[in-house]
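# Breakdown of the fold
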Amino acid sequence: MSGRDRAPSKPLDVVVELMSQIDSAADGAPRDFYDSLSEGVCRLTSMTRVILLLYDDARKLVLPAGSHGIDAELLDYVHGTLEETPVARRALSDDRVASIHGEPAGQIPERYTMLPGVTTLTCTPVSAGGRWLGVIFADRGGSPFELTDSEAHAMWTLGKTAALAASVRMGATAHERSRLLSERVTLAREVHDRVMQRLFGVSLVLGSDIELGRAERTRAAEELQAAVADLRTVLARSPDAPASATGTSLREELERLGRHYQHPVEVHWADGVEVPFDIEHLAQSVLAEALRNAEKHARPGRVDVSVAAPDGAFTLEVCNDGADGARRRGGAGMGLRLAALDALARGGVVEFGPSTPGHWRVRLLVPLEAVS
């Protein structure tokens, strides 16, 4: 049965059904919800192919969040920016469903204009409270058509429903990040009070010109041992981020970056190396923070990522060119410093700083025995 022949569902029934599932969008299963919403567009209109895209702030790209009637393999290659999609900007600016009739060139990214069967395409805004969150593209399987007012209203309503779900998820994520940040700031303060004070005192003694006797050296050694014990005690209470929070793996994320990242990403993954499950989230966090810092503090032309396991330790190294020393005055951001605390809790370290002139390096190292 074609979209034209299908009896559409009642809008209220579809919206109520989606609202009953909205918690799943915030609880870690957003794809299922957005797939259902995309199907809802087809149920309420004559559309047969739908793809819902949302903006990812960390990646600075609009990426697929849900779909219906589209080959799943194609979704891995769909991405875009607002600048290269004028029809999306128009729909979001006007807060109404926009349509493309005939030649799509100049309205959607050039790489998609050669796809067969696109004659009429609709673009529904996903926005709320003045925030542009994404768009919903839909068509009737390639056939030309005229969108009716009732269909446009139904699609606009579902766009607002998608925006609500996205806002709920963003709010839940922000709350969790705020909680983790608060706990980690408390942790950092405790490390300073219990550990750094001891180390500072020892450094003053060892750095003085006073000749140390046996008793003084013993006392310094005891203070160092006490500092290490305090550090272990504090880090044992370090709050862990959920291991499944990203919903993907480091390997999958690097493959996606190779397709979508705005700068060339060269990946060097040593044979036989796998990321231990316990540090998947940490490795992805370090990667994300390294890329975010590269965008903020440099003008990178390329990014090199290496994954290896030399001498019984897992290592992830991210190096970018285009580093500007003047823009790096503040050093690494809070994200990398918090990741460094996470690494310490697992017996590892996060190193960051200039490697060669014009290059900045971030390196995660975790002994495999610490996560086995």
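The structure we're discussing is the one just above.
A brief structural summary. As the structure is a prediction and not an experimental result, all values here were calculated from the model. (Residues numbered from 1 in each chain as written. Predicted model: local features only at pLDDT ≥ 70, side-chain atom pairs only at ≥ 80, totals over all residues. Heavy atoms only, no water.)

### Digging into unusual backbone geometry
You will see that D95, though not glycine, has its phi angle at about 55°, which is positive. Considering the arrangement of structural elements, one finds D95 in the loop between α5 (86-94) and β3 (98-101). For D95, a relative accessible area of 31% corresponds to the partly exposed category. Positive phi, close to 55°, is recorded for D311, a residue that is not glycine. Mapped onto the secondary structure, D311 falls in the loop between β7 (303-308) and β8 (313-320). Accessibility expressed as a relative area gives 82% for D311, which makes it exposed. (Helix = DSSP H or I, 4+ residues; strand = E, 2+ residues; numbered from the N terminus. Buried < 20%, exposed > 50% of the residue type's maximum accessible area, 1.4 Å probe, protein only.)

### Section: helix α1 (residues 11-19)
Among the residues making up α1, those that are buried are V14, V15 and L18. Buried residues of α1, viewed axially, fall in a sector of 95°; they line one side. (Arc of directions from axis to C-beta.)

### A look at the pattern of salt bridges
The full count for this structure, using the stated rule, is 13 salt bridges. Between R49 and D139 there is a salt bridge; the shortest N-O distance is 2.5 Å. Highlighted residues: R49 in strand β1 (residues 49-56) and D139 in strand β5 (residues 131-139), separated in sequence by 90 residues. For R49, a relative accessible area of 26% gives the class partly exposed. (Salt bridge = Lys/Arg side-chain N within 4 Å of Asp/Glu carboxyl O.)

### Regarding the environment of Q197
You can see Q197 is positioned in helix α6 (residues 149-207). Counting along the chain gives 30 residues from Q197 to A227, while the straight-line C-alpha distance between them is 8.8 Å.

### A closer look at the sheet that holds β8
In space, the 5 strands of this open sheet follow the order β6-β7-β8-β10-β9, with mixed pairing throughout. Bordering the open sheet on either side are β6 (265-269) and β9 (349-354), each of which pairs with just one other strand. Here the strands of the sheet are splayed against their neighbours by 10° on average, with no regard to which way each runs. Pairing of β9 with strand β10 (residues 360-367) involves 6 bridges; the strand directions are antiparallel. Bridge assignment links F352 to a residue of β10, and that residue is V362. With respect to the sheet, helix α9 (residues 280-297) is in contact with β7, β8, β9 and β10, its orientation differing from that of β8 by roughly 15°. (Pairing = 2+ DSSP bridges. Axes fitted to C-alpha atoms, helices over the stretch in contact; angles between N-to-C directions. Contact = heavy atoms within 4.5 Å.)

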